[in-house]
Amino acid sequence: MIRINENYLKLKASYLFSDIAKRVSAYQEANPEKPIIRLGIGDVTEPLPQACQKAFHAAIDDQGTREAFHGYGPEQGYAFLREAIAKNDFQARGANVDASEVFVSDGAKCDSGNIQEIFGDDIKIAVPDPVYPVYVDTNVMAGRTGKNVDGRYQGFVYLDSTPENGYVPSVPEEKVDLIYLCFPNNPTGATATKEQLKAWVDYAKECGAIILFDAAYVAFIRDESLPQSIYEIEGARDVAIEFRSFSKNAGFTGTRCAYTVIPKNLKAQDAAGNEHSVHALWNRRHCTKFNGVSYPVQKAAEAVYSEEGAAEVKALTDFYLENAKIVKAAMQDLGFDCIGGEDSPYIWINAKRPSWEFFDLLLNEAGVVCTPGAGFGTCGEGHIRISAFNSREKIVEAMARIKKALA
Ligand SMILES: *Cc1c(COP(=O)(O)O)cnc(C)c1O
């Protein structure tokens, strides 16, 4: 009989969201008259900006006429979108990124998951803990790790994010080849300063390593001293790939559009020591396995950069940030140490007890659902994540209930 890829058997089943669902339905059965409030979700709740809707509709009308119809587009994305991205997200902030270095895709999840394909199978990889599970699981599937022992895969270098380091890991003692970083972070909401990112860029240069920088939450940064792109850091073009998405800024989680930046000068070597362009390798991979994002979706994404679209995205992210502020203030009033919630839609709360114990307390005493930090890695134990993606009404009600339950 045909054999499977046995690396899949190493994957630790994630019971996180099914465990949450089980406990929530048990609570609902026992308390049918008490509506629960879900603050555990990593999905947006507000509709697409008007500017995006208008562009989306107009592009669908184009598809309905012989003259303006678009068939297969360029795999890397239409020039109108790649140019708007390079100009607005990078050049406007002094970061040197050219439109030809932008690869438009249907998600930062797929891109950050697929990118490992173009690197060797015996490379040393550093992953954050707690972590967005995509970085870890895709490398397990590819056979780059050993077994999972006590919640950690053998072979990875884990970058601990703890109260001691302010949830921003510093560079490891040992040398690695590939480094996954995400700021503003999911799940912790932590941000990294220019100095902290510079240390990572310098380390990567020294090791001949590549940094995979996930900036999916960049639209939530309000502190002007914080870097928004890794390419704002000197030397980053020689060592970094950046992932971005329209999911969290413009609410494209169900519409699907994202992009990856690979500088043309970024190099990696073969076994014989010859250097190769990483941009060229990814271009080959992208063109072979991907046929482009739909034309109407790219037109909708382009509208994010119009005057109207930019104002709407600002208002949308301001709205979630105000929710985050309400959550953070309430939890701090109750005496909890929190991070995030200022330049991020996530608030990471030091629960001072096991994650699941605090989860149960909030569910049973307040009818509020959060995400237990232990589900994101061993360093997540003792923490919970609260998400600001919800209506103002529900956020305010949830905090009032938690205050009443815990005060
Ligand atoms: C939501 C999210 C993304 C975006 O994923 P899409 O596939 O573009 O929707 C990427 N990285 C992290 C850490 C996220 O939380």
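Residues numbered from 1 in each chain as written. Predicted model: local features only at pLDDT ≥ 70, side-chain atom pairs only at ≥ 80, totals over all residues. Heavy atoms only, no water.

A.B. asks: What am I meant to see in the packing of helix α2 (residues 50–63) against helix α8 (residues 295–302) here?
C.D. replies: The description of two packed helices rests on the angle between their axes and on the distance between the axes. Direction vectors running N to C along α2 and α8 enclose 150°, while the axes themselves pass 8 Å from each other. What the angle tells us is that α2 and α8 run roughly antiparallel. Judged by the sense of rotation from one axis to the other, the crossing of α2 with α8 is right-handed. Every residue of α8 that contacts α2 at Cys 52, Ala 55, Phe 56, Ala 59, Ile 60, Asp 62 and Gln 63 is listed here: Tyr 295, Pro 296, Val 297, Lys 299 and Ala 300. In terms of residue class, the contact of α2 with α8 is made up of 9 nonpolar, 1 polar and 2 charged. (Axes fitted to C-alpha atoms, helices over the stretch in contact; angles between N-to-C directions. Helix = DSSP H or I, 4+ residues; strand = E, 2+ residues; numbered from the N terminus. Parallel < 35°, antiparallel > 145°, perpendicular 65-115°, else oblique. Left-handed = near helix turned anticlockwise from the far one by under 90°. Contact = heavy atoms within 4.5 Å. Nonpolar A, V, L, I, M, F, W, Y, C, P; charged D, E, K, R; others polar.)

A.B. asks: Can you walk me through the side chain of Gln 298 in this structure?
C.D. replies: Tracing the chain through its elements places Gln 298 in helix α8. Not counting residues up to four positions away in its chain, the partners in contact with Gln 298 are Gly 77, Tyr 78, Phe 80, Leu 81, Val 104 and Val 293.

A.B. asks: Just to check I follow, could you spell out the side chain of Thr 188 for this structure?
C.D. replies: Within the secondary structure layout, Thr 188 lies in the loop between β7 (178–182) and α6 (194–207). Given a relative accessible area of 1%, Thr 188 falls into the buried group. Setting aside anything within four residues of it in sequence, one finds Thr 188 in contact with Pro 130, Tyr 167, Ile 339, Gly 340, Tyr 346 and Trp 348. (Buried < 20%, exposed > 50% of the residue type's maximum accessible area, 1.4 Å probe, protein only.)

A.B. asks: Even after reading the chapter, I still don't get the sheet that holds strand β16 (residues 371–372), so can you show me in this structure?
C.D. replies: Adjacent strands of a sheet pair through backbone hydrogen bonds, lying either parallel or antiparallel. Strands sit in the order β13-β14-β17-β16 across an open sheet of 4 strands; the sheet is antiparallel. Two strands lie at the open edges of the sheet, namely β13 (338–340) and β16, each paired on one side alone. In this structure, β13 lies alongside strand β14 (residues 346–350), joined through 3 bridges in antiparallel fashion. Bridge pairing in β14 links Cys 338 to Ile 349. Contacts from helix α9 (residues 307–333) reach β13, β14 and β17 (383–387) within the one sheet, and its direction differs from that of β13 by about 165°. (Pairing = 2+ DSSP bridges.)

A.B. asks: Quick question: what am I supposed to make of α2 here?
C.D. replies: Residues that lie three or four places apart on an α-helix share one face, since the helix turns once every 3.6 residues. The first and last C-alpha atoms of α2 sit 20 Å apart over 14 residues, in line with the 20 Å expected at 1.5 Å per residue. Buried within α2 we find Ala 51, Cys 52, Ala 55 and Ala 59. When α2 is viewed along its axis, its buried side chains cluster within an angular range of 95° and face the same direction. Those residues of α2 that are exposed and aimed more than 90 degrees away from the buried face are His 57 and Asp 61. Residues of α2 that are buried in the fold lie against α8 and α9. (Expected span 1.5 Å × (residues − 1). Arc of directions from axis to C-beta.)

A.B. asks: In this structure, what is going on with the site of the ligand? I would like to understand it.
C.D. replies: Taken together, the neighbourhood of the ligand is formed by 15 residues, with Asp 214, Tyr 217, Ser 245, Ser 247 and Lys 248 sitting nearest. A distance of 3.0 Å is found between an oxygen atom of the ligand and a backbone nitrogen or oxygen belonging to Lys 109. Bound to the protein, the ligand loses 93% of the 390 Å² it would expose on its own. Grouping the amino acids of the shell around the ligand by side-chain chemistry returns 7 nonpolar, 4 polar and 4 charged. (Near = heavy atom within 4 Å. Polar contact = N/O pair within 3.5 Å; in protein donor to acceptor, adjacent residues only side chain to side chain. Areas by Shrake-Rupley, 256 points an atom, 1.4 Å probe, with all protein chains shown as cover.)

A.B. asks: Can you help me understand the pattern of salt bridges in this one?
C.D. replies: Going through the model one piece at a time under the given rule, you end up with 20 salt bridges. For Arg 237, the salt bridge identified is with Glu 101, shortest N-O distance 2.8 Å. Placement of the pair is Arg 237 in the loop between β8 (210–214) and β9 (240–245) and Glu 101 in the loop between α3 (79–90) and β2 (102–105), with a sequence separation of 136 residues. Comparing Arg 237 with Glu 101 shows no difference in burial state: the two are buried. Of the charged contacts, one joins Asp 333 and Lys 403 as a salt bridge, the two residues approaching to 3.1 Å between their closest N and O atoms. You can see Asp 333 sitting in helix α9 and its partner Lys 403 sitting in helix α11 (residues 392–406), a full 70 residues away along the chain. Salt bridges linked by common partners bring Asp 89, Glu 242 and Arg 244 together as one network. (Salt bridge = Lys/Arg side-chain N within 4 Å of Asp/Glu carboxyl O.)

A.B. asks: Explain the packing of aromatic side chains to me, please; I cannot follow it from the model alone.
C.D. replies: Two descriptors summarise a pair of aromatic rings, namely the distance from one centre to the other and the angle between the planes of the rings. One pass over the structure, following the stated rule, counts 22 aromatic pairs. Measuring from centroid to centroid gives 5.2 Å for Tyr 217 and Tyr 346, while their planes differ by 70°, and the two rings are edge-to-face. Taken together, the positions of Tyr 217 in the loop between β8 and β9 and Tyr 346 in strand β14 put the pair 129 residues apart, joining distant regions of the chain. Exposure class is identical for Tyr 217 and Tyr 346. Each is buried. Through a chain of ring-to-ring contacts, three or more aromatic side chains come together here, namely Phe 90, Tyr 231, Phe 246, Phe 252, Tyr 259 and Tyr 305. If you follow Lys 299 out to its NZ or CZ, it ends over the ring of Phe 80, 4.3 Å from the centre. (Phe/Tyr/Trp six-rings, centres within 6.5 Å; stacked < 30°, edge-to-face > 60°. Lys NZ or Arg CZ within 6 Å of the ring centre and 35° of its normal.)

A.B. asks: When you look at unusual backbone geometry in this model, what are you seeing that I'm missing?
C.D. replies: Peptide bonds are, in most cases, trans, and in most cases residues other than glycine have a negative phi. Look at the link from Phe 183 to Pro 184: it is a cis peptide, with omega at -10°. Relative to the helices and strands, Pro 184 is located in the loop between β7 and α6. Along the chain, Asn 186 connects to Pro 187 via a cis peptide bond; the corresponding omega equals 15°. Here Pro 187 lies in the loop between β7 and α6. Its identity as a non-glycine residue notwithstanding, Asp 150 has a phi of 50°, on the positive side. The topology assignment puts Asp 150 in the loop between β4 (148–149) and β5 (152–153). Judged by its relative accessible area of 73%, Asp 150 falls in the exposed class. The backbone phi angle of Arg 256 is positive, close to 75°, even though this residue is not glycine.

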